[in-house]
Amino acid sequence: MSDFVRVCTTDQLPEVGAVVADFDGRRVAIVRDSYGDIHAIDDTCTHANVSLAEGEVEGRTLECWLHGSRFDLVNGEPTGLPATVPVAVHTVKIEGPDVYVALTND
C-alpha cells in the first residue's frame, strides 16, 4: 500500500456519487455511497475501458453507465454482469474535512 495522499474535501464530493482523482496516471473514483460513507476504487470498469465515476451509486454499489456492470464499493467485486473481474479498492481515511487515499498495490 502507498502512503496516504490528500485528494479532496468532503464538501467537494456529491451527496451521493463520485469524482475522479489522478494518482500519477492512475485514475481513482472517490465515491460517497447512499449511506454517506466514502470509498475509493479504480475508476476504470473491468468490462469496458470507461470511467466508473460517471455511473450511478445505489447503496454501496456503483453501476457502470455503459453496460450496467455493478461493483461493490467495499470489496470491488462485480455484483452485476457483464463484468466478472473486480476493481481494486483503496484505503480511505477522513481527517476533519479532508479525504485521504492510500493506493493498494493491485
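Structure: see above.
This section reports on the structure supplied with the text. A quick note: this is a predicted structure, and the numbers were derived from the prediction, not measured.

1. Some details on the overall build of the protein
Stage number 1. The helix and strand tally for the protein stands at zero helices and 10 strands.
Stage number 2. Along the protein, helices (α) and strands (β) appear in the sequence β-β-β-β-β-β-β-β-β-β when read from the amino end.
Stage number 3. Seen through its principal axes, the protein has C-alpha atoms that stretch 35 × 30 × 20 Å.
Stage number 4. Residues classed as buried in the protein amount to 45% of the 106 residues present.
Stage number 5. Of the contacts formed within the protein by residues at least 6 apart in sequence, a portion of 41% connects residues at least 24 apart.
Stage number 6. Carbon and sulfur atoms make up 45% of the accessible area of the protein, which amounts to about 5600 Å² in all.
Stage number 7. Computing the positive centroid from 7 side-chain charges and the negative centroid from 18, the protein places the two 2 Å apart.

2. Some points on the packing of aromatic side chains
A ring pair, where both rings are aromatic, is described by two values, the distance of the centres and the angle of the planes.
Stage number 1. According to the stated counting rule, one finds zero aromatic pairs in the structure shown.
Stage number 2. Sitting over the face of the ring of Phe4, Lys93 holds its NZ or CZ atom 4.3 Å from the ring centroid.
Stage number 3. Just above the ring of Tyr100 sits the side chain of Lys93; from NZ or CZ to the centre is 5.6 Å.

3. Section: the side chain of Arg32
Stage number 1. By the element assignment, Arg32 lies in strand 3 (residues 26-32).
Stage number 2. Although buried, Arg32 forms no salt bridge, and the nearest oppositely charged side chain, Asp11, lies 6.0 Å from it.
Stage number 3. Within the local environment of Arg32, its side chain forms a polar contact with the backbone oxygen of Thr10, the two atoms lying 2.6 Å apart.
Stage number 4. There is a polar contact of 3.4 Å between the side chain of Arg32 and the backbone oxygen of Leu13.

4. Digging into the pairing of strand 2 (residues 17-23)
Stage number 1. Inspection of the sheet shows strand 2 paired to strand 3 by seven bridges, in the antiparallel sense. When the bridges of strand 3 are listed, Gly17 appears paired with Arg32.
Stage number 2. Between strand 2 and strand 3, which pair antiparallel in sequence order, lie two residues; one of them, Asp24, sits at a positive phi of approximately 50°.

Definitions and limits used
Residues numbered from 1 in each chain as written. Predicted model: local features only at pLDDT ≥ 70, side-chain atom pairs only at ≥ 80, totals over all residues. Heavy atoms only, no water. Helix = DSSP H or I, 4+ residues; strand = E, 2+ residues; numbered from the N terminus. Buried < 20%, exposed > 50% of the residue type's maximum accessible area, 1.4 Å probe, protein only. Contact = heavy atoms within 4.5 Å. Areas by Shrake-Rupley, 256 points an atom, 1.4 Å probe, with all protein chains shown as cover. Lys, Arg positive; Asp, Glu negative; His and termini not counted. Charge placed at Lys NZ, Arg CZ, Asp CG, Glu CD. Phe/Tyr/Trp six-rings, centres within 6.5 Å; stacked < 30°, edge-to-face > 60°. Lys NZ or Arg CZ within 6 Å of the ring centre and 35° of its normal. Salt bridge = Lys/Arg side-chain N within 4 Å of Asp/Glu carboxyl O. Polar contact = N/O pair within 3.5 Å; in protein donor to acceptor, adjacent residues only side chain to side chain. Pairing = 2+ DSSP bridges.

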